[in-house]
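Structure assessment
Read off the chains here:
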Amino acid sequence: MSERVIPLVDQRSSSLPVTVPAQAIPATGLLGDALGRPLRDLRISVTDRCNFRCNYCMPKSIFDKDYPYLPHSALLSFEEITRVARVFAAHGVQKIRLTGGEPLLRKNIEILIEQLTALRTREGQPMEITLTTNGSLLERKARDLKSAGLRRVTVSLDGLDDAVFRAMNDVDFPVADVLRGIDAAREAGLGPVKVNMVVKRGTNEDQILPMARFFKGSGVVLRFIEYMDVGATNGWRMDEVLPGSEVVQRIHQALPLVQLEPAAPGETAERWGYADGSGEIGVISSVTQAFCRDCNRARLSTEGRLYLCLFATQGHDLKPLVRGGASDEDLASAIGALWQRRDDRYSELRASLPPDPGVGARRIEMSYIGG
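These figures come from a predicted structure and were not determined experimentally.

**Here's the deal with the pairing of strand 9 (residues 270-274)**
Among the five residues of strand 9, four are classified as buried, and the element is accordingly described as predominantly covered. Bridge count between strand 8 (residues 257-259) and strand 9: three bridges; the pairing is antiparallel. If you follow Leu 257 over to strand 9, its bridge partner there is Tyr 274. Here strand 9 runs beside strand 10 (residues 280-284); their pairing, made up of four bridges, is antiparallel. Bridge assignment links Glu 270 to a residue of strand 10, and that residue is Val 283.

**Things to note about the pairing of strand 5 (residues 152-156)**
In terms of burial, strand 5 is largely enclosed, as four of its five residues are buried. Where the polypeptide runs from strand 4 (residues 128-133) across helix 4 (residues 138-148) and back to strand 5, its parallel neighbour, the crossover connection is right-handed. Pairing of strand 5 with strand 6 (residues 194-199) involves three bridges; the strand directions are parallel. Residue Val 155 lies in a different strand from strand 6, and its bridge partner there is Val 195.

**A word on the nonpolar core**
Taken as a class, soluble globular proteins show a tendency for nonpolar side chains to be buried jointly. Counting residues in hydrophobic clusters, the biggest one holds 100 residues, and the most contacted among them are Ile 96, Leu 98, Leu 157, Ile 182 and Ile 251. Every residue in contact with Ile 182, bar those within four places of it in the chain, is listed here: Leu 138, Val 155, Leu 157, Val 193, Val 195, Phe 215 and Val 220. Counting seven residues, the second-largest nonpolar core is a separate cluster that includes Cys 309, Leu 310, Ala 312 and Tyr 346.

**Considerations on the confidence of the model for the protein chain**
Predicted confidence across the protein chain gives a mean pLDDT of 89, with 88% of residues reaching 70 or more. Confidence drops under pLDDT 50 across residues 1-10; counting only partners more than four residues distant or on other chains, this segment forms 17 contacts.

**Regarding the pattern of salt bridges**
Applying the stated criterion across every chain yields a total of 20 salt bridges. The residue Arg 305 makes a salt bridge to Glu 303 at a minimum N-O spacing of 3.5 Å. The burial state of Arg 305 is the same as that of Glu 303; both residues are buried. In this structure, a network of salt bridges that share partners links the residues Arg 201, Glu 205, Glu 246 and Arg 250.

**Things to note about the packing of aromatic side chains**
Under the criterion given, the structure shown has five aromatic pairs. Taken together, a centroid distance of 4.8 Å and an interplanar angle of 75° make the contact between Tyr 67 and Tyr 69 edge-to-face. A centroid spacing of 4.9 Å and a plane angle of 85° characterise the contact between Phe 214 and Phe 215, whose relative ring orientation is edge-to-face. A connected cluster of aromatic rings, assembled from ring pairs, spans Phe 52, Phe 165 and Phe 173. The ring of Tyr 274 carries Lys 216 above its face, with NZ or CZ at 5.3 Å from the centroid.

**Structural notes on the environment of Trp 339**
Structurally, Trp 339 is set in helix 10 (residues 328-341). Residues within four places of Trp 339 in sequence aside, it is in contact with Leu 31, Gly 32, Asp 33, Ala 34, Arg 37, Pro 38, Leu 39, Asn 296, Arg 297, Ala 298 and Leu 308. Reaching out from Trp 339, the side chain makes a polar contact with the backbone oxygen of Arg 37 at a distance of 3.0 Å.

Definitions and cut-offs
Residues numbered from 1 in each chain as written. Predicted model: local features only at pLDDT ≥ 70, side-chain atom pairs only at ≥ 80, totals over all residues. Heavy atoms only, no water. Buried < 20%, exposed > 50% of the residue type's maximum accessible area, 1.4 Å probe, protein only. Helix = DSSP H or I, 4+ residues; strand = E, 2+ residues; numbered from the N terminus. Pairing = 2+ DSSP bridges. Right-handed = clockwise from strand over helix to strand, strands pointing away. Core = buried A, V, L, I, M, F, W, Y, C linked by side-chain atoms within 4.5 Å. Contact = heavy atoms within 4.5 Å. pLDDT = per-residue confidence, 0-100. Salt bridge = Lys/Arg side-chain N within 4 Å of Asp/Glu carboxyl O. Phe/Tyr/Trp six-rings, centres within 6.5 Å; stacked < 30°, edge-to-face > 60°. Lys NZ or Arg CZ within 6 Å of the ring centre and 35° of its normal. Polar contact = N/O pair within 3.5 Å; in protein donor to acceptor, adjacent residues only side chain to side chain.

Given below as structure tokens:
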């Protein structure tokens, strides 16, 4: 077998050390970055494994049977994750989203959810705990997830046509099983369920209207996501991006839409309601309509690295502090210092940047930090 370079392995082994600043940065809930953006949303990857091989995320050519996943000892434990999340809550985080890989592959994830639901925001309110999944295990786990305290789920589904869906997940997984998982989540009370469809021009754009018609009136919020240049393995090209505005136009011609106000500050999706009042859709246009100026999200990898942008090239390794005896105050100061220096706005600058930043600065893979 010829030698090959796997960008994700290089990226995982490269991170920036994190130090505790000489002057403490207390967790007051008022933390802002260099552009004045607050810290409100934490996305936590609980595993780097997934049972799908979607070509825009974990292509089979890279993530094959010989791919070296992280050993269990490298992953943050549930107690370590909860401790870090508690510090983030003190800094103002109000919402936690569990991601992967496929988060439902993490054994006993219900225990982690129970621990996280005990956290409180600065205002003393329960933390909003959500989870993004491919839906493959959702039918049998939905009730346990709800019992553990999970608020709601988002399911990734890129088409209703079984042949298209099987081709996109590249493991021949049937769409009917995902739909049963969505139904199970709704019945368990994990709602409103959101469904994310990544739209790739020339691949699944013919599924836009069938998806809209299928979920219209169901209570499920369908969101269309522009195909993004996350990582270095998906072969992204701009001509494969179908702009969100065109998605809205296609749906509006068949199913009239009216624009809705954002549900919360920093919301990534532009909201559109059906004119007859039978539900809504969302459009996430990170490529053509960047929303960096409102981004209030941080991302924690499964092995404890903090990423300040979905398109980051390096993470900040918190694990030595977490496992090295640092106090919560030290950890809060270190995180505070990182956030205060944050000036990331990749999507706004995309057009002026080279298409390939080079092997030494490849963007982190979406499957590693959960999107």
